[in-house]
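Listed below, chain by chain, are the residues.
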Amino acid sequence: MANGVIAENNRSFFEESTNRHSGILSWLLTTDHKRIGILYLIAISAFFIVGATFGILMRLELIAPGETLMGPQTYNSFFTLHGVIMIFLFIVPGLPAIFGNFFLPLQIGARDVAFPRLNLLSWYIYILGAILVVTSLLLPGGPVDTGWTFYIPYSVRTGTNVSLAIFAAFVLGFSSILTGLNFVTTVHRMRAPGMDFFRMPLFVWSMYSTAWIQIIATPVIGITILLVMMERLFGIGIFDPSLGGDPILYQHLFWIYSHPAVYIMILPAMGIVSEIIPTFARRTIFGYKAIAFSSLAIAFVGYLVWAHHMFTSGISDTARWIFSFLTFIVALPSGVKVFNWVATMYKGSIDPKPPFLWVMSFIVLFSIGGLTGLVVGSLATDIHLHDTYFVVAHFHYVMFGGTGTIFFAGLYYWYPKMFGKMYNIKVANISVGLFFVAFNLLYFPKFILGYQGMPRRYYDYLPEFTQLHLISTIGSWIMGITLILIFANLIYSLLKGAKAPQNPWGGVTLEWHISSPPPLENFHEIPYVDHEPYDFSLLEKMKNESH
Amino acid sequence: MDQGHSKHEHHTPGYGIYIIIWLVLIGLTSITVTVAGIDFGMIALAIALFIAAIKSALVINIFMHIKFEEAIFKVFLLVSGMTLVVIFLLTFFDVYNR
Ligand code: HEM
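Residues numbered from 1 in each chain as written. Chains lettered and ligands numbered in written order. Predicted model: local features only at pLDDT ≥ 70, side-chain atom pairs only at ≥ 80, totals over all residues. Heavy atoms only, no water.

## Observations concerning the packing of helix H3 (residues 72-91) of chain A against helix H5 (residues 116-138) of chain A
All names here are of chain A. In contact at an axis separation of 12 Å, H3 and H5 are set at 175° when each is read in the N-to-C sense. If you check the angle between H3 and H5, you find them roughly antiparallel. Of H5, the residues touching H3 (which contributes Leu81, Val84, Phe88 and Leu89) are Tyr126, Ala130, Val133 and Leu137. (Axes fitted to C-alpha atoms, helices over the stretch in contact; angles between N-to-C directions. Helix = DSSP H or I, 4+ residues; strand = E, 2+ residues; numbered from the N terminus. Parallel < 35°, antiparallel > 145°, perpendicular 65-115°, else oblique. Contact = heavy atoms within 4.5 Å.)

Structure, rendered in structure tokens:
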């Protein structure tokens with residue numbers, strides 16, 4: 001592919017590869033962190049589209065009471081697959097694997113990650129895990145129907161292909177751990193001269209915190225999965241009460257991983273927000289250290305709150321109030337970030353380009369998601385709301401409205417740098433607006449439904465819920481159209497778009513000092529860093545850098 | 001394998017140490033099994049975990065060679081270990097109060 005502006009007779013990483021192959025092989029055997037980032041982008045976007053299709057089909061089933069499109073067993077498999085794909089294949093690996101791979105080395109002034117081959121291996125492990133998920137659909141026994149949480153005892157007893165599906169999650173965990181190891185080492189060993197920890201862009205801080213969670217928390221899910229397998233295959237009683245096990249132990253182990261995992265999902269998103277806001281407000285970030293340390297604080301406190309998913313499972317009262325209390329504490333570092341972002345915009349000269357608009361919609365949606373998290377984090381209200389649509393609304397607001405929105409924000413922010421092409425700004429602005437409307441139509445009614453008592457994971461409902469379900473389904477159609485618009489705009493610009501300049505938005509972090517798309521080894525000369533990451537007085541000087 | 005780092009060479013324990021540690025591990029395992037047969041009530045779990053902690057300390061330090069490594073490895077290991085301890089403690093708030 002001949003793409004974009006090329007610096008000083010140098011070819012971009014699209015035209016030069018790390019191996020002697022050409023064509024598809026030069027991609028499949030690449031050790032270039034940028035190409036690996038793009039491989040992840042392709043795979044992860046594909047799974048996102050599949051997952052979203054499942055979601056839209058479920059909404060279609062729920063358009064009216066009774067069976068409209070699929071029966072209960074199919075619906076059970078649909079929400080399980082939707083959940084498994086969205087969690088394990090889209091949102092957990094998403095931002096670190098795509099943007100972390102592509103931009104972490106660029107932002108710290110390195111030529112690659114610390115272990116380029118390991119990096120490629122983790123992509124292959126990801127693909128292997130994905131293939132296992134798909135295989136589990138096709139084999140006799142049928143697609144899994146347990147929900148993405150695989151709760152015991154049902155998951156030990158169901159005849160569906162649970163073993164294979166959880167083994168897939170096991171494999172995917174290794175991909176996550178390897179990426180984490182790579183990033184921690186890269187941040188410690190590969191920073192450009194002068195780039196001390198407090199000169200690192202905040203995206204790098206967030207990747208660093210995330211990487212630690214990936215390394216420390218992911219093995220727990222691996223072990224849990226092995227225990228479930230031992231129980232399913234050999235009848236060893238660990239979780240199943242009829243074999244002498246403790247089903248709540250499963251929930252503990254599952255959430256000891258999966259709760260920190262929600263911070264694997266959100267921290268990178270917060271990092272990207274901290275990049276985009278200064279660039280479009282032309283102001284250095286307010287409270288750099290507060291944001292950096294709140295990432296670490298979230299990563300740490302995130303380990304201590306897992307049992308708030310289990311308030312109604314029969315855990316002890318003491319445990320309940322302790323975990324409820326700790327849950328309220330996590331809101332503090334998250335609040336610190338939101339206030340710092342808003343303070344950064346105050347008196348800035350704001351340039352509302354699409355990435356910035358995505359971030360604005362993130363702040364609203366994520367705040368709704370976060371605040372309703374406190375509602376389900378309080379013991380009394382959670383008893384009423386647990387396992388209702390309120391929870392479904394809450395987690396879509398944080399995961400989709402939070403991280404999902406920032407997946408698009410990051411894509412629209414860095415796309416010109418990654419591909420050297422510019423998309424249609426007008427269409428992009430319309431997509432953000434449509435997304436915001438569709439999102440709230442799709443999920444806000446779910447808060448009300450849940451409050452009124454609509455339980456989650458049912459293909460059918462009582463007639464009095466019809467109206468709100470209908471609104472939500474209509475929202476899912478607009479969402480479908482919006483998603484097509486979002487991706488079509490990018491694909492069209494890849495084929496026919498105008499060339500993007502080196503620094504379309506006026507960013508100052510290191511990736512904007514090199515050509516778009518970047519050359520194979522990123523920097524002709526490793527830069528010396530003698531300033532803060534968001535020093536916009538640099539912009540004048542940078543004008544002469546462009547090629 | 002053990003001779004990797006020449007400057008650490010004099011720290012490398014001989015096979016004798018490995019065998020002794022192995023025997024100690026087997027001994028501790030049989031204690032765990034025996035203790036499980038006696039009714040210690042609430043503290044049974046604490047005893048089992050205490051023995052397990054000694055065993056992992058031996059494995060980590062000697063078999064995994066951490067005792068002879070640089071400080072940075074120990075710091076990182078300690079961070080992970082402390083996380084684990086905190087997770088155990090929090091779980092006990094549930095288990096011991098049900
Ligand atoms: C087009 C977009 C989407 C639509 C229409 C949609 C719709 C739905 C619906 C209808 C359910 C089932 C509710 C129930 O019966 O309990 C569901 C569950 C779920 N969704 Fe989505 N969703 C979408 C996007 C996402 C995204 C982006 C994520 C995560 C990043 C996500 C994560 C989940 C999870 C984890 C579940 C729970 C599955 C389970 O109960 O095991 N969804 N979604």
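## What about the pattern of salt bridges?
For the structure shown, the criterion picks out eight salt bridges over all chains. A salt bridge links Arg11 of chain A to Glu16 of chain A; the nearest nitrogen and oxygen atoms lie 3.9 Å apart. Between Asp351 of chain A and Lys353 of chain A there is a salt bridge, with the nearest N and O atoms lying 3.2 Å from each other. Given the relative accessible area of 24%, Asp351 of chain A is considered partly exposed. With relative accessibility at 26%, the residue Lys353 of chain A sits in the partly exposed group. Each of the salt bridges in this network shares a partner with another, and the network as a whole consists of Asp246 of chain A together with Asp94 and Arg98 of chain B. (Salt bridge = Lys/Arg side-chain N within 4 Å of Asp/Glu carboxyl O. Buried < 20%, exposed > 50% of the residue type's maximum accessible area, 1.4 Å probe, protein only.)

## Quick look at the confidence of the model for chain B
Residues and elements named next belong to chain B. With 89% of its residues at a pLDDT of 70 or more, chain B shows a mean pLDDT of 85. Confidence scores differ between elements of chain B, with helix H3 (residues 71-95) showing the lowest mean pLDDT of 89 and helix H1 (residues 15-37) the highest of 92. Segment residues 1-8 is flagged for pLDDT under 50; beyond a separation of four residues in sequence, or across chains, it makes four contacts in the model. Across the whole predicted complex the pTM is 0.92, and at the interface the ipTM reaches 0.82. (pLDDT = per-residue confidence, 0-100.)

## Some points on the site of the ligand
Residues and elements named next belong to chain A. By nearness alone, 28 residues border the ligand, and Tyr75, His82, Trp148, His396 and Arg457 come closest of all. One of the side-chain N or O atoms of Tyr443 is found 3.1 Å from a nitrogen atom in the ligand. Between Arg457 and the ligand, the recorded distance is 2.5 Å, taken from a backbone N or O atom to an oxygen atom. Because more than half of its atoms lie within 2 Å of the grid, the ligand is assigned to the largest cavity. (Near = heavy atom within 4 Å. Polar contact = N/O pair within 3.5 Å; in protein donor to acceptor, adjacent residues only side chain to side chain. 1 Å grid on protein atoms, 1.4 Å probe; cavity = no way out; pocket = protein on both sides within 12 Å on 5 of 7 lines; lining within 4 Å. Sits in = over half its atoms within 2 Å of the grid points.)

## Here we look at the interface of chain A and chain B
Between chain A and chain B, the contact holds 18 residues from the first and twelve residues from the second. Approximately 1,300 Å² of surface area, both sides summed, lies buried where chain A meets chain B, with 77% of it carried by carbon and sulfur atoms. Across the contact surface, chain A and chain B share one salt bridge. Summed over the shared surface of chain A and chain B, the number is four residue pairs in polar contact (both at pLDDT 80 or more). Of all the elements in the fold, those that place two or more residues in the side of chain A that touches chain B are helix H8 (202-234), helix H9 (247-281) and helix H11 (317-345) of chain A. Across the side of chain A that touches chain B, the residue classes break down as twelve nonpolar, five polar and one charged. (Buried area = accessible area lost by both parts, 1.4 Å probe. Nonpolar A, V, L, I, M, F, W, Y, C, P; charged D, E, K, R; others polar.)

## Focus: H1 of chain B
The end-to-end C-alpha distance of H1 of chain B, which contains 23 residues, comes to 34 Å, matching closely the 33 Å that a straight helix rising 1.5 Å per residue would cover. Those residues of H1 of chain B lying buried are Tyr18, Ile21, Leu25, Leu28 and Val35 of chain B. (Expected span 1.5 Å × (residues − 1).)

## Examining the domain arrangement of chain B
Residues and elements named next belong to chain B. The assigned domain composition of chain B is domain 1 (14-64) and domain 2 (70-98). Using only C-alpha atoms to locate each centre, domain 1 and domain 2 end up separated by 18 Å. The partner domain 2 presents four residues to the five residues of domain 1 that form the contact. At the boundary of domain 1 with domain 2, total buried surface from both sides reaches about 430 Å², with 82% on carbon and sulfur atoms. Of all residues in domain 1, Met42, Leu45 and Leu49 give up the largest surface area on contact with domain 2, accounting jointly for 79% of the area buried on that side. The tally of links from domain 1 across to domain 2 stands at zero salt bridges. Inspection of the domain 1/domain 2 interface yields zero residue pairs in polar contact (both at pLDDT 80 or more). Its residues assigned to classes, the side of domain 1 that touches domain 2 shows five nonpolar, no polar and no charged. (Domains from an automatic or database assignment.)

## Here's the deal with the nonpolar core
Among soluble globular proteins, nonpolar side chains are generally buried collectively. Within the largest apolar cluster, 195 residues are counted, with the highest numbers of intra-cluster contacts made by Phe99, Trp341, Phe407, Phe408 and Met418 of chain A. In contact with Trp341 of chain A, other than residues within four places in its own chain, are Met270, Val273, Ser274, Ile277, Ile285, Ile291, Phe362 and Ile363 of chain A. (Core = buried A, V, L, I, M, F, W, Y, C linked by side-chain atoms within 4.5 Å.)

## Examining the layout of surface pockets
Residues and elements named next belong to chain A. Reported here for the second largest pocket is a volume of approximately 1,300 Å³. Lining the second largest pocket are 47 residues, with His259, His308, His309, His394 and Phe395 sitting closest to its centre. Every element with two or more residues in the lining of the second largest pocket is listed here: H3, H9, H11, helix H12 (354-377) and helix H14 (389-419). Ranked by residue count, the leading element in the lining of the second largest pocket is H12, at nine residues. (Points joined across faces, edges and corners; volume = space filled by probe spheres on them.)

## As for the coordination of the iron atom of the ligand
All names here are of chain A. For the iron atom of the ligand, every protein donor is listed as His82 (NE2) and His396 (NE2), and the spread of their distances is 2.0 Å. Viewed at the metal, the six donor atoms of the iron atom of the ligand are separated by angles of 86 to 179°, and the geometry they form is octahedral. Residue His82 is located in helix H3, and its partner His396 is located in helix H14; the two are separated by 314 residues in the primary sequence. Taking relative accessible area as the criterion, His396 reaches 13% and is therefore assigned buried. (Donors = N, O, S within 2.8 Å, 3.2 Å for Na, K, Ca; no water. Tetrahedral: all angles 85-135°; square planar, octahedral: opposite > 155°, others 65-115°.)

## Concerning the environment of Ser163 of chain A
All names here are of chain A. Considering the arrangement of structural elements, one finds Ser163 in helix H7 (residues 162-189). Once the C-alpha coordinates of Ser163 and Leu233 are considered, the two residues, 70 residues apart in sequence, prove to be 8.5 Å apart. If we skip the residues at most four places from it in the chain, Ser163 touches Met229, Arg232 and Leu233.

## Re the side chain of Thr224 of chain A
Inspection of the secondary structure puts Thr224 of chain A in helix H8. Residues in contact with Thr224 of chain A, not counting those within four places in the same chain, are Phe239, Tyr250, Leu253 and Phe254 of chain A.

## Examining the environment of Gly377 of chain A
All names here are of chain A. Looking at where Gly377 falls in the secondary structure, it is placed in helix H12. Looking at Gly377, the relative accessible area reads 2%, which means it is buried. Spatially, the C-alpha atoms of Gly377 and Thr327 are 6.4 Å apart, while their sequence positions differ by 50 residues. Leaving out residues up to four positions away in the same chain, Gly377 has contacts with Phe311, Ser324, Thr327 and Phe328.

## Quick look at the environment of Met422 of chain A
All names here are of chain A. For Met422, the position within the fold is in strand E1 (residues 421-422). When the C-alpha positions of Met422 and Pro504 are compared, they lie 8.8 Å apart, and in sequence the two are 82 residues distant. In contact with Met422, not counting residues within four places along its chain, are Pro416, Ser493, Gly497, Ala498, Lys499, Ala500, Pro504 and Trp505.

## What about the packing of aromatic side chains?
Residues and elements named next belong to chain A. This model, assessed by the stated rule, comprises 66 aromatic pairs over all chains. The ring of Trp27 carries the charged tip of Arg35 above its face, separated from the ring centre by 4.4 Å. Above the face of the Phe198 ring, Lys289 is positioned so that its terminal group lies 4.4 Å from the ring centre. (Phe/Tyr/Trp six-rings, centres within 6.5 Å; stacked < 30°, edge-to-face > 60°. Lys NZ or Arg CZ within 6 Å of the ring centre and 35° of its normal.)

## Focus on the confidence of the model for chain A
Chain-level statistics for chain A give a pLDDT mean of 93 and a share of 98% at 70 or above. Within chain A, the element-level pLDDT minimum falls on helix H17 (residues 538-542) of chain A, averaging 83, and the maximum on helix H15 (residues 425-452) of chain A, averaging 98.

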